[in-house]
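Residue-level structure breakdown
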Amino acid sequence: MNNSASRELSIDPKRLVARIEALGEIGAIPGTTGCARLALTDEDLSGRDLVVTWMRDLGLDITIDGIGNVIATMPGFAAGTPPVMTGSHIDTVGTGGKYDGNLGVLAGLEVIETVIAAGLELDRPLAVGFFTNEEGARFQPDMLGSLVYVGGLSLEDALLIQDRDGAVVGKELDRIGYSGPAPLPGPTPHAFVELHIEQGPVLEDEDITIGVVEGVQGISWTELTLNGQSCHAGTTPMRLRHDPAYVASKIVTFVRDLTGEFGEPQVGTVGAIDLIPNLVNVVPSVATMTVDLRNTNEEVLQLAETKFRGFVAQAAEREGVGVQTRTLARFEPVDFDPRVIDIVEQSAEAAGLTHRRMPSGAGHDAQMFARVCPTAMIFTKSVNGISHNVTEYTEPADLEAGTNVLLRTMLALAETDF
């Protein structure tokens, strides 16, 4: 590769933004700038088809595997040459924005198009992928496609996972036509790097352009089903009630108090509560809720989980309410490869961009690839730190900056032996 030529390269920001806008129109939420493309829905199908069309337009070699992951690789290299891979996801939460995940995929496409147009000769191919059900908003666990890709979950088990309405992953993949023949676990890349919006306020607050991500917090997702006694809200004395909503409220408060006890970086969230029968004048019979606990330290996360489980059992017993628990996802904290972290940092430095090292508070496909190859991540700013929200936004200048760091990083990785 001509190093001087590579240093002069930069991406086309207008082309990148145009693709982000076009993908954001699929599943657009009326009256907002957000979009909803839950995994394996018709909207997800349309988004997949659009991105695959762009991949084909570049003449990339495209594979689709049995969990619906799509990988596009530069042609012209010896068969079996491990690529430098980037990518993310194009599924969203129900009230999502245009940038979460989508940037990582479309920035990867932009990097590859820039390299092809420049006629650079690389030691290794570049590849970009998008991975099924990263969000976990419809099917649990999250990061499902990348987890199966690296062999962390068998394809057979993954295909049997159901959503709340009983839809099954395998049948939904067949329905939308994205159950492919490529084998799983997938081929191990030479290295993996993912560009993502920060989804938090730190970079903006400190006026820093690039986040050099050192690792990802551990994640613990639990679903609780609290079974009580439905009865009349006016005629049943408080002392005779078995109210699952009351227990749920106690758990909400406990989770918040637990984060205060442990301090940063411990976080905890109750993101969903459903009551049956959900009527104003009826004590509910069932409360179903989710609890999300995260920490960068595995030992501390385990301690938080132990305290949480003990409190739930105690609160339910006091109210005479039964408890069923189901683990939706559990991933240990991940440390990224120091060599790739250094390359990301050097790439930001070479581009003249302010940068800082930081952890990721959210889960990403990159944490799965860290199991099998040298991996790291790049963050770019989120306006007001907002994500998983229809108002999610990243300035075009920050999109451009992050993608140029991705370009430099991938070119460096292509000539780096590990």
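A short tour of the structure in this document, coming up. In this text, all values refer to a predicted model and were calculated from it rather than measured experimentally.

Rules used throughout
Residues numbered from 1 in each chain as written. Predicted model: local features only at pLDDT ≥ 70, side-chain atom pairs only at ≥ 80, totals over all residues. Heavy atoms only, no water. Patch = residues over 30% accessible without salt bridge, like charges linked within 9 Å, V, L, I, M, F, W, Y side chains within 5 Å. Areas by Shrake-Rupley, 256 points an atom, 1.4 Å probe, with all protein chains shown as cover. Salt bridge = Lys/Arg side-chain N within 4 Å of Asp/Glu carboxyl O. Helix = DSSP H or I, 4+ residues; strand = E, 2+ residues; numbered from the N terminus. Expected span 1.5 Å × (residues − 1). Buried < 20%, exposed > 50% of the residue type's maximum accessible area, 1.4 Å probe, protein only. Arc of directions from axis to C-beta. Contact = heavy atoms within 4.5 Å. Phe/Tyr/Trp six-rings, centres within 6.5 Å; stacked < 30°, edge-to-face > 60°. Lys NZ or Arg CZ within 6 Å of the ring centre and 35° of its normal.

On the surface, Val252, Ile273 and Leu275 cluster together into a nonpolar patch covering about 200 Å² of accessible area. Within the fold, Val252 resides in helix α9 (residues 244-262).

We now examine helix α11 (residues 338-350). Its 13 residues give α11 an end-to-end C-alpha distance of 18 Å, which sits within 8% of 18 Å, the value for a rise of 1.5 Å per residue. Along α11, the residues that are buried comprise Val340, Ile341, Ile343, Val344, Ser347 and Ala348. One side of α11 holds all its buried residues, which, seen down the axis, span an arc of 160 degrees. What points out from α11, more than 90 degrees from its buried face, is the exposed set Pro338, Gln346, Glu349 and Ala350. In this structure, the buried residues of α11 make contact with β5 (191-197), β6 (210-216), β14 (355-360), β15 (375-380) and α13 (396-414).

A few words on the packing of aromatic side chains. For the coordinates displayed, the defined rule picks out 7 aromatic pairs. For the ring pair Phe131 and Tyr149, a centre distance of 6.2 Å and an interplane angle of 75 degrees mean the geometry is edge-to-face. Here the residue Phe131 occupies a position in the loop between β4 (126-130) and α5 (144-149), and Tyr149 occupies one in helix α5, the gap between them amounting to 18 residues. Each member of the pair, Phe131 as well as Tyr149, is classed as buried. With centroids separated by 4.2 Å and ring planes inclined at 5 degrees, the aromatic side chains of Phe192 and Phe369 adopt a geometry described as stacked. Of the two residues, Phe192 is situated in strand β5 and Phe369 in helix α12 (residues 365-369); the sequence distance between them amounts to 177 residues. The exposure class of Phe369 is buried, given its relative accessible area of 0%. Members of the aromatic cluster, joined through ring pairs, are Phe131, Tyr149, Phe192 and Phe369. Here the basic side chain of Arg19 rests over the ring of Trp54, its NZ or CZ set 5.5 Å away from the ring centre. Positioned above the aromatic ring of Tyr178, the side-chain terminus of Arg48 is 4.9 Å from the ring centre.

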